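# Fold and geometry: a report
The primary structure of each chain is shown beneath.
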Amino acid sequence: MGDFTVQFGRLVAYRGESAEVVVPDNVTVIGRRAFHFSNVTSVTLPDSVTEIEQEAFMYAKLTHIQFGHGIKKIGADAFLCDLDKKEYLYPKLPIAVFSKGDQRRALYHFVHNAKAGNYTAEVYKKNLTYVRSHLLDEIEYKRVCIDTLMEDPELLKEVLASGKIPATKLDSLISQLI
């Protein structure tokens with residue numbers, strides 16, 4: 001544990017020299033800037049890690065990460081580094097775990113890449129749930145919704161009256177998007 005500074009389950013700093021790191025099982029949070037400017041290229045996180053704070057890997061040389069199953073929250077710009085987010089982040093973690101700004105990028109990636117089959121069944125299902133609950137809040141979906149509403153005056157009246165898209169129409173909208 002000499003390479004890691006851990007305080008009450010929070011990894012606050014990595015001071016080791018290894019490019020490949022396995023985070024200890026007693027860590028529950030990767031702290032802000034814990035791997036800031038590090039030469040780490042590969043990280044394996046245990047299931048015990050539930051949160052990655054903002055800027056945790058900022059400017060690190062990270063190119064690969066293996067997540068445990070416990071991730072519930074990722075702070076803003078946690079992966080502002082060399083990591084290929086399209087391959088290692090978005091297909092492996094549900095949209096809802098990301099910060100607001102990163103959710104938009106994850107959502108965009110999901111909408112444009114979900115049919116490629118690179119999402120696990122679990123993440124795909126969670127992302128569909130996210131899409132359903134946030135449909136009208138996202139710009140990409142608003143565009144599709146507006147196009148659809150303009151083609152269906154009765155649906156437009158219903159949405160304007162209730163503020164929601166009927167569940168029966170929602171699934172067909174989502175299938176158009178992905």
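Residues numbered from 1 in each chain as written. Predicted model: local features only at pLDDT ≥ 70, side-chain atom pairs only at ≥ 80, totals over all residues. Heavy atoms only, no water.

Attention now goes to the overall build of the chain. Of the regular secondary structure elements, the chain holds six helices and eight strands. Of the regular secondary structure in the chain, the N- to C-terminal order runs β-β-β-β-β-β-β-β-α-α-α-α-α-α. For the chain, buried positions account for 46% of its 178 residues. In the chain, 28% of the contacts between residues at least 6 apart in sequence involve partners at least 24 apart. Working note: accessible area of the chain is about 9800 Å², and carbon and sulfur atoms make up 52% of it. (Helix = DSSP H or I, 4+ residues; strand = E, 2+ residues; numbered from the N terminus. Buried < 20%, exposed > 50% of the residue type's maximum accessible area, 1.4 Å probe, protein only. Contact = heavy atoms within 4.5 Å. Areas by Shrake-Rupley, 256 points an atom, 1.4 Å probe, with all protein chains shown as cover.)

Applying the stated criterion across every chain, the model contains nine aromatic pairs. Summarising the aromatic geometry, the rings of F35 and F57 are spaced 4.8 Å apart at their centres and angled 10° between planes, so their arrangement reads as stacked. One end of the pair, F35, is in the loop between β4 (29-30) and β5 (42-44); the other, F57, is in the loop between β6 (51-52) and β7 (64-66), with 22 residues separating them in the sequence. In this structure F35 comes out as buried when scored by relative accessible area, which is 1%. Summarising the aromatic geometry, the rings of F57 and F79 are spaced 5.2 Å apart at their centres and angled 10° between planes, so their arrangement reads as stacked. Residue F57 is located in the loop between β6 and β7, and its partner F79 is located in the loop between β8 (73-74) and α1 (85-88); the two are separated by 22 residues in the primary sequence. Through a chain of ring-to-ring contacts, three or more aromatic side chains come together here, namely F4, Y14, F35, F57, F67 and F79. (Phe/Tyr/Trp six-rings, centres within 6.5 Å; stacked < 30°, edge-to-face > 60°.)

It is worth spelling out a nonpolar patch on the surface at this point. Judged by side-chain polarity, F37, Y59 and L80 come together as a nonpolar surface patch covering roughly 310 Å² of accessible area. Mapped onto the fold, F37 is located in the loop between β4 and β5. (Patch = residues over 30% accessible without salt bridge, like charges linked within 9 Å, V, L, I, M, F, W, Y side chains within 5 Å. Salt bridge = Lys/Arg side-chain N within 4 Å of Asp/Glu carboxyl O.)

In this sheet, strand β2 (residues 10-14) lies alongside strand β1 (residues 4-7) in antiparallel orientation, the contact comprising four bridges. Paired with V6 across the bridge in β2 is L11. Examined bridge by bridge, β2 and β4 share two bridges and lie parallel to one another. When the sheet's bridge partners are listed, R10 is paired in β4 with V29. (Pairing = 2+ DSSP bridges.)

Let us look at the confidence of the model for the chain. In the predicted model, the chain carries a mean pLDDT of 82, and the fraction of residues at 70 or more is 76%. Predicted confidence in the chain is weakest over helix α6 (residues 167-177), with a mean pLDDT of 59, and strongest over β4, with 98. (pLDDT = per-residue confidence, 0-100.)

Secondary-structure assignment places N127 in helix α3 (residues 121-134). Contact partners of N127, with chain neighbours within four places excluded, come to L93, P94, I95, F110 and Y119.

This part covers helix α2 (residues 100-113). Compared with the 20 Å implied by 1.5 Å per residue over 14 residues, the 20 Å span of α2 between its first and last C-alpha is a close match. For α2, the set of buried residues is D102, Q103, A106, L107, H109, F110 and V111. (Expected span 1.5 Å × (residues − 1).)

Quick look at α3 now. Taking 1.5 Å per residue as the helical rise, α3 with its 14 residues ought to reach 20 Å, and the 20 Å between its terminal C-alpha atoms agrees with that figure. Taken as a whole, α3 has its buried residues at V123, N127, L128, Y130 and V131. When α3 is viewed along its axis, its buried side chains cluster within an angular range of 160° and face the same direction. For α3, the exposed residues set more than 90 degrees away from the buried face come down to A121, E122, K125 and S133. (Arc of directions from axis to C-beta.)

This brings us to unusual backbone geometry. With phi around 60°, F37 is a residue other than glycine that occupies positive phi space. For E55, which is not glycine, the phi torsion reads 60° and is therefore positive. One can find E55 in the loop between β6 and β7.

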